[in-house]
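Coordinates in review
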Amino acid sequence: MDYQPSILVVDDEDRIRRLLKMYLEREDYQIDEATNGEEALAKALEVDYDLILLDVMMPGMDGIEMCQQLRLSKSTPVMMLTAKGEEANRVQGFEVGADDYIVKPFSPREVVLRVKAMLRRASATQFVQTDTQTKDLLVFGPLSIDNDAHRVSVNQQEINLTPKEYELLYYLAQSPDKVFSREQLLKDVWNYEFFGDLRTVDTHIKRLREKLNRVSPEVSAIISTVWGVGYKFEAVSG
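What counts and how
- Residues numbered from 1 in each chain as written.
- Predicted model: local features only at pLDDT ≥ 70, side-chain atom pairs only at ≥ 80, totals over all residues.
- Heavy atoms only, no water.
- Axes fitted to C-alpha atoms, helices over the stretch in contact; angles between N-to-C directions.
- Helix = DSSP H or I, 4+ residues; strand = E, 2+ residues; numbered from the N terminus.
- Parallel < 35°, antiparallel > 145°, perpendicular 65-115°, else oblique.
- Contact = heavy atoms within 4.5 Å.
- Nonpolar A, V, L, I, M, F, W, Y, C, P; charged D, E, K, R; others polar.
- Core = buried A, V, L, I, M, F, W, Y, C linked by side-chain atoms within 4.5 Å.
- Buried < 20%, exposed > 50% of the residue type's maximum accessible area, 1.4 Å probe, protein only.
- Salt bridge = Lys/Arg side-chain N within 4 Å of Asp/Glu carboxyl O.
- Pairing = 2+ DSSP bridges.
- UniProt positions renumbered as here; feature names shortened; annotations may be inferred.

1. What about the packing of helix α7 (residues 182-190) against helix α8 (residues 199-215)?
Running from amino to carboxyl end, α7 crosses α8 at an angle of 80°, the nearest separation of the two axes being 9 Å. Classified by the angle their axes make, α7 and α8 are roughly perpendicular. Here α7 contributes Arg182, Leu185, Leu186 and Trp190 to the contact with α8, which in turn contributes Thr200, Val201, Asp202 and His204. Of the residues in the contact of α7 with α8, the class split is 4 nonpolar, 2 polar and 2 charged.

Below, the structure written as structure tokens:
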């Protein structure tokens, strides 16, 4: 039997949860539900879901706080569900580690397409390496990016990145010293699955630097801001 990805749908509105569950189960996904942030966090910490669809506005612990708590220990892909006009919440969501968002009211078919895209791009994190020879390894001084295993380490200490943070770092690292505009990064890293603004790139760069800085300030500086243009990955000697 083929593997069935598991998705946690979090929303305090029964109607929305039922709608998403119905459409996603048609695609043979396993669906679990939570009605609030506290319940969602408990389930997400206990179960390794492939994706979490997370409503932002909920009583008690909202989606922003839930995602923030989750990111302390897990990198499960998160797609935020936000109401129209909640741009500030979307930016907050990216800052605490959300990978994408979709705006209510939404088309269930669009959600399914976006979910499929996110799962495809995150699936490499489940890759089990059988060959002892690493085929795709980038090394820059103490920073090592093993693309076969989707693993990033600094001074042999593994860095816990979300799928989107990993994709962004790997994309930059493939072209050392090349300057990329925010528009280009948004197009190439998020491509058709994402319809957002340029601050998405800034918040992901910020989170990447913070995570690298916890292990090595030297390595965190490898992602350089080119004012008025965008960002580049500065090669360092080993």
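2. Considerations on the nonpolar core
Leu143, Ile145 and Leu185 are the most contacted members of the largest nonpolar core, which totals 29 residues. When residues of this core are traced back to their parent elements, those giving at least two are β6 (137-140), β7 (143-146), β8 (151-154), α6 (163-173), α7, α8 and β12 (230-233). Top element by residues in this core is α6. It accounts for 7 residues. Sequence-distant contacts of Ile145, defined by excluding residues within four places in its chain, comprise Asp136, Leu137, Leu138, Arg151, Val152, Tyr166, Leu169, Tyr170 and Ala173. Among the nonpolar cores identified, the runner-up in size contains 22 residues, and Leu41, Ala44, Cys67 and Val96 belong to it.

3. Comments concerning the pattern of salt bridges
Taken as a whole, this structure holds 21 salt bridges when the rule is applied. Across the salt bridge formed by Arg15 and Glu13, the nearest N and O atoms sit 3.4 Å from each other. A relative accessible area of 35% means that Glu13 is categorised as partly exposed.

4. Side note on the sheet that holds strand β9 (residues 157-159)
On the basis of which strands lie adjacent, the open sheet formed by 4 strands has the order β6-β7-β8-β9 and antiparallel pairing. One side of each edge strand has no neighbouring strand; the edge strands of this open sheet are β6 and β9. This sheet shows a mean twist of 25° between the axes of neighbouring strands, independent of strand direction. Bridging between β6 and β7 involves 4 bridges; their strand directions are antiparallel. Its bridge partner lying in β7, Phe140 is registered against Leu143. α6 rests against β6, β7 and β8 of the sheet, and its axis sits at about 105° to β7.

5. Here we look at the pairing of β8
In terms of strand pairing, β7 meets β8 through 4 bridges, oriented antiparallel. Directly across from Ser144, in β8, lies its bridge partner Ser153. What sits between β7 and β8 in their antiparallel hairpin is a turn of 4 residues, with His150 showing a positive phi close to 50°. Of the strand pairs in this sheet, β8 and β9 are connected by 3 bridges, and their pairing is antiparallel. Within β9, the residue paired with Val154 across the bridge is Gln157.

6. A word on the UniProt feature "modified residue: 4-aspartylphosphate" (unreviewed entry) in the chain
Within the UniProt annotation, "modified residue: 4-aspartylphosphate" (unreviewed entry) is assigned to Asp55. On the secondary structure map, Asp55 appears in strand β3 (residues 51-55). Judged by its relative accessible area of 3%, Asp55 falls in the buried class. When near neighbours in sequence (up to four residues on either side) are disregarded, Asp55 contacts Val10, Asp11, Asp12, Gly63, Leu81 and Lys104.

7. Some remarks on unusual backbone geometry
Each neighbour pair has its own omega, and for Lys104 with Pro105 the value is -5°, a cis peptide bond. With respect to the helices and strands, Pro105 occurs in the loop between β5 (100-104) and α5 (108-122). The phi torsion at Gln156 lies on the positive side, around 65°, for a residue other than glycine. Here Gln156 shows up in the loop between β8 and β9. On the basis of relative accessible area, Gln156 is assigned to the exposed category, the value being 81%. Non-glycine residue Asp177 carries a positive phi angle of around 70°. Here Asp177 is to be found in the loop between α6 and β10 (179-181). Its relative accessible area of 46% is what places Asp177 among the partly exposed residues.

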